[in-house]
Amino acid sequence: MSKREQAKKHFSEGVAHERDGAWGKAISSFDAALEAEPTHTKAAIAVARCHVSLGRWSRAVDAWERVLTTSPTADEARDAQTAWGDAYRNAAVYHPAVDIYQKVLEMVPDHAPALSGLGEALRLLGRYEEARQAFADALAASPTLRAAQLGMGATLNALGRYAEAAPYWQTARDDDSESGFANHGHREALAGIEAGAGGPPQPAPAHPAVVASDALEASVHFSWGRALEDDARWAEAAKSFDQALALQKGWVECAMASANALAEAGDIEACLAAWDNAVVLDNARPDVIRGRAHALRMADRVPESLRAWDQVLEIEDNNPHNFVGRGDALRVLERFEDGLASYDEALELAPQNTLALRGKAASLDAIGLYEQAIEHWKRALDIDPGAELALEGLREA
């Protein structure tokens, strides 16, 4: 088999893994494709995309940079460079993000995603006037870009220009009435307008230099937390994320990162508390509610976990993993028929999802439908021959 054929084979395997949400396996397959064909741009993009899906921002930074070494097209290079800036920004390393966005804009001055990303990085640095201009340029290029609408609202709030901010928040709320960030920003703007009209006095906005200092210090703590994670120093990582959150109180990603680190450390009660905090910060993000549902399951609080899965499905009903999580909770509660229906929903969305196949097989086995259970265990093993749980289930069936 030629190197090109090997690359094609590994890439196809990676696409299948990514479709099933098996991000780690997908990365391994895409890396193998790149080893066979180092200029395989689509494989390099896919590696970066999978790291983003896993929230591994420091690795996403490196992955997006690698895309630029694969001789991408002009459009691929523009999009990869913008995503590279996004990865730095999500890793709370704002100055490199600003530099990267500006380089993109030198090539494509009206590229709305880069303008919006630049605005957000500048906002988090406390450079509000520059951020406002970047968001204005982004909205001039793409008037319905939600990230720019939210960023403009938050920037104008920070500048105390509440009457100007309110329409942006209202537009964002019209698009998604359950958005915790948009609803909070809108309430803040309305309170500011009321105060300006003779209501109770409001504290003056913090001086931009102070905000910038807090943002920079928060980014240091967050980046250090990621480094500690790479060394599996989970409890220390959680403390760093908590320190970042204390400085940037609305930064929900810090609460999520802390919760995940605490789960790895085995401190389930503290993990749950961190997820509860994340829900307070944004109760409309599917990944927040999904994380809390997993933690409740780990704590053997299964009825509460089931309620959380129902909640996340109200927001995001096109993700097979949500149906798998709900099915698993129902299976533990011995509500097998309901669980089977949930696994079927997952398999309709992703027929190769081994978690759904294994969960359905276990449920069928529990109600005595052994032949059907064996069929699903075998399907899971065909997709992932190394799945020990599937092999064990097949033996027992």
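Criteria and thresholds
Residues numbered from 1 in each chain as written. Predicted model: local features only at pLDDT ≥ 70, side-chain atom pairs only at ≥ 80, totals over all residues. Heavy atoms only, no water. Phe/Tyr/Trp six-rings, centres within 6.5 Å; stacked < 30°, edge-to-face > 60°. Helix = DSSP H or I, 4+ residues; strand = E, 2+ residues; numbered from the N terminus. Buried < 20%, exposed > 50% of the residue type's maximum accessible area, 1.4 Å probe, protein only. Contact = heavy atoms within 4.5 Å. 1 Å grid on protein atoms, 1.4 Å probe; cavity = no way out; pocket = protein on both sides within 12 Å on 5 of 7 lines; lining within 4 Å. Points joined across faces, edges and corners; volume = space filled by probe spheres on them. Nonpolar A, V, L, I, M, F, W, Y, C, P; charged D, E, K, R; others polar. Expected span 1.5 Å × (residues − 1). Arc of directions from axis to C-beta. Core = buried A, V, L, I, M, F, W, Y, C linked by side-chain atoms within 4.5 Å. Patch = residues over 30% accessible without salt bridge, like charges linked within 9 Å, V, L, I, M, F, W, Y side chains within 5 Å. Areas by Shrake-Rupley, 256 points an atom, 1.4 Å probe, with all protein chains shown as cover. Salt bridge = Lys/Arg side-chain N within 4 Å of Asp/Glu carboxyl O. Lys, Arg positive; Asp, Glu negative; His and termini not counted. Charge placed at Lys NZ, Arg CZ, Asp CG, Glu CD. pLDDT = per-residue confidence, 0-100. Axes fitted to C-alpha atoms, helices over the stretch in contact; angles between N-to-C directions. Parallel < 35°, antiparallel > 145°, perpendicular 65-115°, else oblique. Left-handed = near helix turned anticlockwise from the far one by under 90°.

Quick word on the packing of aromatic side chains
At step 1: A complete count under the given rule lists two aromatic pairs for this structure.
At step 2: Considering the side-chain rings of Phe-11 and Phe-30, the 5.4 Å spacing of their centres and the 50° angle between planes classify their relative orientation as tilted. Of this pair, Phe-11 sits in helix H1 (residues 3-19) while Phe-30 sits in helix H2 (residues 23-36), and the two are 19 residues apart along the sequence.
At step 3: Taking 6.2 Å as the distance between ring centres and 40° as the angle between the ring planes, the aromatic pair formed by Trp-84 and Tyr-88 counts as tilted. Separated by four residues within a single helix, Trp-84 and Tyr-88 lie in helix H5 (residues 74-90), roughly one turn from each other.
At step 4: Note on Trp-84: relative accessible area 14%, which makes it buried.

Brief notes about the side chain of Ser-305
At step 1: With respect to the secondary-structure elements, Ser-305 resides in helix H17 (residues 302-315).
At step 2: Taking relative accessible area as the criterion, Ser-305 reaches 0% and is therefore assigned buried.
At step 3: Contacts of Ser-305, omitting those with residues within four sequence positions, involve Ala-293, Leu-296 and Arg-297.

Things to note about unusual backbone geometry
At step 1: The residue Asp-300 is not glycine, and still its phi comes out positive at about 65°.
At step 2: As for its position among the elements, Asp-300 is in the loop between helix H16 (286-298) and H17.
At step 3: A positive phi angle, close to 65°, is found at Glu-334, a residue other than glycine.
At step 4: You can see Glu-334 is positioned in the loop between helix H18 (320-332) and helix H19 (336-349).
At step 5: Exposure remark for Glu-334: the relative accessible area of 59% places this residue in the exposed category.

Describing the layout of surface pockets
At step 1: Roughly 170 Å³ of volume is contained in the second largest pocket.
At step 2: Lining the second largest pocket are 13 residues, and of these Asp-20, Ala-22, Lys-25, Thr-354 and Leu-355 sit closest to its centre.
At step 3: The element that contributes the greatest number of residues to the lining of the second largest pocket is helix H20 (residues 354-366), accounting for three residues.
At step 4: Looking at side-chain class alone, the lining of the second largest pocket contains three nonpolar, six polar and four charged residues.

Here's the deal with the environment of Asp-174
At step 1: Within the secondary structure, Asp-174 is located in helix H10 (residues 162-175).
At step 2: Distance from Asp-174 to His-184, taken between C-alpha atoms, is 14 Å for residues ten residues apart in sequence.

Here's the deal with H17
At step 1: Over its 14 residues, H17 runs 20 Å from end to end, which matches the ideal 20 Å to within 8%, given 1.5 Å per residue.
At step 2: Along H17, the residues classified as buried are Val-302, Ser-305, Leu-306, Ala-308, Trp-309, Val-312 and Leu-313. Viewed along the axis of H17, the buried residues span an arc of 160°, placing them on a single side of the element. The exposed set on the far side of H17, more than 90 degrees from its buried face, consists of Arg-307 and Glu-314.
At step 3: Structurally, H17 contributes buried residues whose contacts are with H16 and H18.

Concerning the nonpolar core
At step 1: The biggest cluster of nonpolar side chains holds 65 residues, and the ones touching the most others in it are Leu-118, Trp-169, Phe-222, Trp-251, Trp-275 and Ala-278.
At step 2: With eight residues, the top contributor of residues to this core is helix H14 (residues 252-265).
At step 3: Apart from the residues within four sequence positions on either side, Trp-169 is in contact with Leu-150, Gly-153, Ala-154, Asn-157, Phe-181, Ala-182, Gly-185, His-186 and Ala-189.
At step 4: Listed in part, the 24 residues of the second largest apolar core include Ile-27, Ile-45, Ala-46 and Ala-87.

Description of a negative patch on the surface
At step 1: A cluster of acidic residues, Asp-174, Asp-175, Asp-176, Glu-178 and Glu-314, forms a negative patch at the surface.
At step 2: Tracing the backbone shows Glu-178 in the loop between H10 and helix H11 (180-196).
At step 3: Note on Glu-178: relative accessible area 53%, which makes it exposed.

Thoughts on the confidence of the model for the chain
Caution applies to low-pLDDT parts of the model: their predicted coordinates are not meant to be read in detail.
At step 1: Here the chain averages 85 in pLDDT, while 90% of its residues score no lower than 70.
At step 2: Mean pLDDT in the chain bottoms out at helix H22 (residues 388-396), which sits at 49, and peaks at helix H8 (residues 128-141), which reaches 94.
At step 3: Taken as a whole, residues 197-213 scores under 50 in pLDDT and shows eleven contacts with residues more than four places along the chain or in a different chain.

Here's the deal with the packing of helix H9 (residues 146-158) against H10
At step 1: At a minimum axis distance of 8 Å, the contact between H9 and H10 shows a crossing angle of 150°. In terms of orientation, H9 and H10 fall into the roughly antiparallel class. Relative to H10, H9 is oriented so that their crossing is left-handed. Within the contact between the two elements, H9 uses Arg-146, Gln-149, Leu-150, Met-152, Gly-153, Ala-154, Leu-156 and Asn-157 and H10 uses Tyr-162, Glu-164, Ala-165, Tyr-168, Trp-169, Thr-171, Ala-172 and Asp-175.
At step 2: Classifying every residue of the contact of H9 with H10 by side-chain character gives nine nonpolar, four polar and three charged.

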